[in-house]
Amino acid sequence: MAKSKTVFVCQNCGAESAKWIGKCPSCKEWNTYHEEIVAPVSSSRDSSLGIDQIKRKPELLDNIISDEHERIRTGISELDRLLGGGMVKGSLILLGGEPGIGKSTLALQLALAMKGTKILYVSGEESEEQISLRSKRLKNSNPDCYILSETELESILPHAENIKPGLIIIDSIQTITTSMLESSAGSVSQVRECAALLLRYSKITGIPVVLIGHITKDGTLAGPKVLEHIVDVVLYFEGDNNYIYRILRSIKNRFGSTSELGIFEMLDNGLREVPNPSELFINQHDELLSGIAIAATIDGIRPFLIETQSLVSSAVYGTPQRSSTGYDTRRLNMLLAVLEKRAGFKLGMKDVFLNIAGGIRVNDPAIDLAIISSVLSSNLDMPVGKNICFSGETGLSGEIRPVSRIEQRIREASKMGFNKIYISRFQKYASKKDSGIEVIQVGKIENLVRSLFG
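Basis of the calculations
- Residues numbered from 1 in each chain as written.
- Predicted model: local features only at pLDDT ≥ 70, side-chain atom pairs only at ≥ 80, totals over all residues.
- Heavy atoms only, no water.
- Helix = DSSP H or I, 4+ residues; strand = E, 2+ residues; numbered from the N terminus.
- Contact = heavy atoms within 4.5 Å.
- Areas by Shrake-Rupley, 256 points an atom, 1.4 Å probe, with all protein chains shown as cover.
- Lys, Arg positive; Asp, Glu negative; His and termini not counted.
- Charge placed at Lys NZ, Arg CZ, Asp CG, Glu CD.
- Buried < 20%, exposed > 50% of the residue type's maximum accessible area, 1.4 Å probe, protein only.
- Arc of directions from axis to C-beta.
- 1 Å grid on protein atoms, 1.4 Å probe; cavity = no way out; pocket = protein on both sides within 12 Å on 5 of 7 lines; lining within 4 Å.
- Points joined across faces, edges and corners; volume = space filled by probe spheres on them.
- Nonpolar A, V, L, I, M, F, W, Y, C, P; charged D, E, K, R; others polar.
- Phe/Tyr/Trp six-rings, centres within 6.5 Å; stacked < 30°, edge-to-face > 60°.
- Pairing = 2+ DSSP bridges.
- Axes fitted to C-alpha atoms, helices over the stretch in contact; angles between N-to-C directions.
- pLDDT = per-residue confidence, 0-100.
- Parallel < 35°, antiparallel > 145°, perpendicular 65-115°, else oblique.
- Patch = residues over 30% accessible without salt bridge, like charges linked within 9 Å, V, L, I, M, F, W, Y side chains within 5 Å.
- Salt bridge = Lys/Arg side-chain N within 4 Å of Asp/Glu carboxyl O.

Draft legend 1. Structural context of the overall build of the protein. Within the protein, the regular secondary structure consists of 12 helices and 23 strands. Once the C-alpha set of the protein is aligned to its principal axes, its extents read approximately 85 × 55 × 50 Å. Looking at the protein alone, contacts between residues at least 24 apart form 67% of all its contacts between residues at least 6 apart. For the protein, the exposed surface amounts to about 22000 Å²; the carbon and sulfur share of it is 49%. A distance of 6 Å separates the average location of the 53 positive side-chain charges in the protein from that of its 53 negative side-chain charges.

Structural data, given as structure tokens:
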């Protein structure tokens, strides 16, 4: 019998060393090396996992027949959009997100929504009774959904061989271990080895596998970086626990675009799809209020309208406060400096608070124009006109710069009933007289102020 050995493995990047190192030379992180026992891997590891050895031979590329349209519908349209129309057979999907954000809820809803397909839901964190209680809360059922509470991979895959499921869900990959390694669950070597074995099993059998992954305190997926390279698709579930909205982003997708995103609403009975997010992110006010402006933004390739809220008041303390929720504070400071330097508004001794309604975070530079309008509206205590939205980027010289896919933004604003949209004077777009919305082009902030507030 071969002798096992011990190595020191970086828990951040997976680099190995024969001795303990204070600072990892690969990722430059401190105190991340932990000792792990590595047992020799048996030559017959596939047979021990219940996987039959399949010998392949090289094939000519022109002789390989593939059907790229053969996808498995999940029953959740927002998820299908992210995956490029559905799951591809033999794909390995990694779903990450913060604790309590709804990863397990989404995975169980996926298992219950795929009627007529055998599902094997493996949970290493919860018992069968706990999962049963959650399914009753979701008020949905699937007679072909099998639940298994197990953490050892050598016990999971033989069950999959007997059931022959159409989908396997692992919750979570950090709790799964293999007896080939003597390190503890969640270690770099265990996560890497288990993910590699599941990938091989998925490719041989053609069964798609969904892995739920934990994240670190820095917000990145826990485990070695090679985990993201092993899988075919990386989905990231984000949102604020204080709000009901959740956004599912595609970080990596070998079978589709990474420009899509899905929006869900967290309710008592699970996650509800939001087909038209513009209706949720815009509050319908009976009266005009100062400090509110609507931005026509795009996240990925999906346009929607977002309400920006600003509050400008006299600074009580010596140093004015600058606070933003859902937007980069440094960019807010830049926009305030542009307003003071180029438009003559003295905001240096005033507190400025900014909030993006709905609890989502926006990185689209086209929101600049709406933020400036909301700040000026609150500072002057004059509301922006009703049914007006904005889409434009602001430069340091005070000019309003064009943004991408302006036609999509205009169509979304027109669909939501807006009468006017402010864009850059240098913006080129295909004008349509029957769009039902007036497009106003402005070149500088001074022109915007005169047009809005006189």
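Draft legend 2. Geometry of helix 11 (residues 406-415). Those residues of helix 11 lying buried are Ile 406, Arg 409, Ile 410, Glu 412 and Ala 413. Burial along helix 11 is one-sided: seen end-on, the buried residues are contained in an arc of 160 degrees. Next to the buried residues of helix 11 lie helix 8 (278-281), strand 15 (292-299), strand 16 (302-314), strand 19 (388-390), strand 22 (420-424) and strand 23 (438-442). Immediately beyond the C-terminal end of helix 11, within one or two residues, lies Gly 417, with a positive phi of roughly 90 degrees.

Draft legend 3. Here's a closer look at empty space enclosed by the protein. Within this structure, the stated rule accounts for 2 cavities of 30 Å³ or more. Taken as a whole, the largest cavity encloses approximately 80 Å³ of empty space. Lining the largest cavity we find Leu 79, Leu 83, Ile 93, Leu 95, Leu 106, Ala 107, Leu 110, Val 210 and Leu 235. Elements that contribute at least two residues to the lining of the largest cavity include exactly strand 6 (92-97) and helix 3 (103-113). Among the elements that take part in the lining of the largest cavity, helix 3 stands out by supplying 3 residues, more than any other. In terms of residue class, the lining of the largest cavity is made up of 9 nonpolar, no polar and no charged.

Draft legend 4. Fine view of the packing of aromatic side chains. On inspection of all chains with the given rule, the structure shows 2 aromatic pairs. Aromatic pair Phe 237 and Phe 264: ring centres 6.1 Å apart, planes at 80 degrees, arrangement edge-to-face. Note that Phe 237 is positioned in strand 11 (residues 233-239) and Phe 264 in strand 13 (residues 261-267), a separation of 27 residues in sequence. An identical accessibility class is assigned to Phe 237 and Phe 264; each is buried. Measuring from ring centre to ring centre gives 5.4 Å for Phe 390 and Tyr 422, while their planes differ by 20 degrees; the resulting arrangement is stacked. Placement of the pair is Phe 390 in strand 19 and Tyr 422 in strand 22, with a sequence separation of 32 residues.

Draft legend 5. Up close: the sheet that holds strand 10 (residues 209-213). With respect to topology, 9 strands assemble into an open sheet ordered 8-7-9-10-6-11-12-13-14, the strand pairing being mixed. Each edge of the sheet is formed by a strand with only one pairing partner; in this case those strands are strand 8 (145-149) and strand 14 (270-273). With strand direction ignored, the average angle separating the axes of adjacent strands in the sheet is 25 degrees.

Draft legend 6. Up close: the confidence of the model for the protein. Per-residue confidence for the protein averages 86 on the pLDDT scale, and 91% of its residues sit at or above 70. Here helix 1 (residues 45-48) stands out as the least confident element of the protein, with mean pLDDT 50; strand 20 (residues 393-394) is the most confident, with 96.

Draft legend 7. Region of the structure containing the packing of helix 3 against helix 4 (residues 128-138). Where helix 3 meets helix 4, the axes come as close as 11 Å, and the angle between the chain directions of the two elements is 75 degrees. Classed by the angle they form, the pair helix 3 and helix 4 counts as roughly perpendicular. Only Ile 131, Arg 134, Ser 135, Arg 137 and Leu 138 of helix 4 make contact with helix 3, whose side of the interface consists of Ser 104, Thr 105, Leu 108, Gln 109 and Leu 112. A class-by-class count of the residues in the contact of helix 3 with helix 4 yields 4 nonpolar, 4 polar and 2 charged.

Draft legend 8. Here's a closer look at a positive patch on the surface. On the surface, Lys 341, Arg 342, Lys 346, Arg 425 and Lys 444 cluster together into a positively charged patch. By the secondary structure assignment, Arg 342 is in helix 9 (residues 329-342). Residue classification places Arg 342 among the partly exposed residues on the basis of a relative accessible area of 39%.

Draft legend 9. Seen up close, the pairing of strand 22. The buried fraction of strand 22 is high, at 4 of 5 residues. Sheet topology note: the strand 19/strand 22 ladder contains 3 bridges and is parallel. Its bridge partner being in strand 22, Cys 389 is matched across the sheet by Ile 421.

Draft legend 10. Spatial organisation of the sheet that holds strand 22. What the 7 strands build is an open sheet, ordered 17-18-16-15-19-22-23; its pairing is mixed. If you trace the sheet from one side to the other, it starts and ends with strand 17 (322-325) and strand 23, each paired once. Sheet twist, expressed as the average angle between the axes of neighbouring strands with direction ignored, equals 30 degrees. Pairing of strand 15 with strand 16, which is carried by 8 bridges, proceeds in the antiparallel orientation.

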